[in-house]
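# Structural description and commentary
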Amino acid sequence: MAELRRVTSERKRGLSHDERRSGERDNKAAAVFLLPWLIGLVGLTAGPMLVSLYLAFTDYNLLQDAHFTGLDNITHMVHDTRLHQSLKVTFTSVVFGVPLQLAVALALALLLDRGLRGLTFYRSALYLPSLLGGSVAIAVLWRIIFGDGGLVNDVLGVFGVASRSWVSDPNTALGTVILLHVWTFGSPMVIFLAGLRQIPREYYEAASTDGASTWRQFRSITLPLLTPMIFFNLVLGIIGSFQSFTQAFVVSGGTGGPADSTLFYTLYLYQEGFGSFRMGYASALAWLLLVIVAAFTAVNFWASKYWVFYDD
């Protein structure tokens, strides 16, 4: 019996040793596969972020060594009128552009959910603006369409409306950029469509039996069950709107004009960093943008408990 216990104990120790060696090999293999991602994280994300955080407290012009200036860049933000204008323009775009985009996306999703013939084609065609809307080519085309001799004026001319350059008027230039943002409704539309397909048909059948109108079904069934998708699209839409750059840069020719009416925050950051070579100040602006986006996201998550409903 003692000999049997000794052999059994040795076998257990041997299996334990083999398992440890197998675990070590698995850990090494995992480390090898994770290494490219870790290099990218440190070299392309975390490293540059830490450098920009340091530069935010310096006077750096890309040509000379950075000089630590403390809170001078932050103090300058308080009195920077162009920064205030860029925040006004960006907030206006977020407040009007994001809800309009979500409304259009939801309306088209409801239309496609009615079982149209050729649904796959329409879904792909309507998703296309999301793929092309952020490109330089579309922004150039948008500038031509809303220009003095563009398609918009040709259509309005039929109804006797005088021709004007919509992108050169400070009162309408921002509206054209917001309209371009609204036009890229494809991604939220697809998400809404997927959410609509997950709502059980039995809910609508029961509501119809009780005599509920189409509007009442939409308000009492569709909207509450779609609130998780609305919340998801809202958060992504706000983040994306704060990061808008290409459309404003191309439509305004990189100036943010006319009269800084399309001076988006990211465009002003670009001008400060790569136009005026105030890279230290531009780094401070980048971190301010991070704080603003984080604040908006945190508020959305806090408020979501009051209006987002999950069908558990």
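All of the points below concern the structure found in this document. (Residues numbered from 1 in each chain as written. Predicted model: local features only at pLDDT ≥ 70, side-chain atom pairs only at ≥ 80, totals over all residues. Heavy atoms only, no water.)

The number of helices and strands found in the protein is 13 helices and two strands. Here the C-alpha radius of gyration of the protein, 28 Å, is well above what a compact globule of 312 residues would show, namely 20 Å. Judged by the C-alpha coordinates and their principal axes, the protein covers about 105 × 75 × 35 Å. Out of the 312 residues belonging to the protein, those deemed buried represent 36%. Taking all contacts inside the protein whose residues are at least 6 apart in sequence as the whole, residues at least 24 apart take part in 67%. With an accessible surface of roughly 18,800 Å², the protein has 66% of that area assigned to carbon and sulfur atoms. Charge-centre separation for the protein: the mean point of 22 positive side chains lies 9 Å from the mean point of 21 negative side chains. (Helix = DSSP H or I, 4+ residues; strand = E, 2+ residues; numbered from the N terminus. Rg over C-alpha atoms; globule rule 2.2 N^0.38 Å. Buried < 20%, exposed > 50% of the residue type's maximum accessible area, 1.4 Å probe, protein only. Contact = heavy atoms within 4.5 Å. Areas by Shrake-Rupley, 256 points an atom, 1.4 Å probe, with all protein chains shown as cover. Lys, Arg positive; Asp, Glu negative; His and termini not counted. Charge placed at Lys NZ, Arg CZ, Asp CG, Glu CD.)

In this fold, V152 is placed in helix 6 (residues 151-158). In sequence terms V152 and S163 are eleven residues apart; their C-alpha atoms lie 8.9 Å from each other. Aside from chain neighbours lying at most four places away, what touches V152 is I145, F146 and W166.

What follows covers the packing of helix 9 (residues 201-209) against helix 10 (residues 214-242). Packing of helix 9 against helix 10 leaves a shortest axis separation of 10 Å and a crossing angle of 160 degrees. Considering their axes alone, helix 9 and helix 10 lie roughly antiparallel with respect to each other. Note on packing geometry: the crossing formed by helix 9 with helix 10 is right-handed. Judged by residue contacts, Y203, Y204, A207 and S208 of helix 9 engage Q217, I221, T222 and L225 from helix 10. Counted by class, the contact of helix 9 with helix 10 contains five nonpolar, three polar and no charged residues. (Axes fitted to C-alpha atoms, helices over the stretch in contact; angles between N-to-C directions. Parallel < 35°, antiparallel > 145°, perpendicular 65-115°, else oblique. Left-handed = near helix turned anticlockwise from the far one by under 90°. Nonpolar A, V, L, I, M, F, W, Y, C, P; charged D, E, K, R; others polar.)

So, on to the side chain of D260. Here D260 lies in the loop between helix 11 (246-251) and helix 12 (265-275). Among the polar contacts made by the side chain of D260, one reaches the side chain of R82 at a distance of 3.0 Å. Non-local contacts of D260, meaning those with residues more than four positions away in its chain, are made with R82, Q85, V89 and T255. (Polar contact = N/O pair within 3.5 Å; in protein donor to acceptor, adjacent residues only side chain to side chain.)

The subject of this paragraph is the packing of aromatic side chains. Within this structure, the stated rule accounts for 13 aromatic pairs. Plain terms: the ring middles of W142 and F146 are 5.4 Å apart, the flat faces sit at 40 degrees to each other, and that makes the pair tilted. The exposure class assigned to F146 is buried, which follows from its relative accessible area of 10%. Site record: aromatic cluster; members linked through ring pairs are F245, F249, Y270 and F274. In this structure, R164 packs its charged tip against the face of W166, placed 4.6 Å from the ring centre. (Phe/Tyr/Trp six-rings, centres within 6.5 Å; stacked < 30°, edge-to-face > 60°. Lys NZ or Arg CZ within 6 Å of the ring centre and 35° of its normal.)

This part is about the nonpolar core. By size, the foremost hydrophobic cluster in this structure holds 55 residues, and its most contacted members are L83, F192, F242, F264, Y265 and L285. Those residues within four positions of L83 in sequence are excluded, and the remaining contacts are M77, Y265, Y268, Y281, L285 and L288. (Core = buried A, V, L, I, M, F, W, Y, C linked by side-chain atoms within 4.5 Å.)

A few words on unusual backbone geometry. Following G257, the chain continues to P258 via a peptide bond in cis, the omega torsion being 0 degrees. The topology assignment puts P258 in the loop between helix 11 and helix 12. Its identity is not glycine, yet A259 carries a phi of approximately 55 degrees, on the positive side. Residue placement: A259 occurs in the loop between helix 11 and helix 12.

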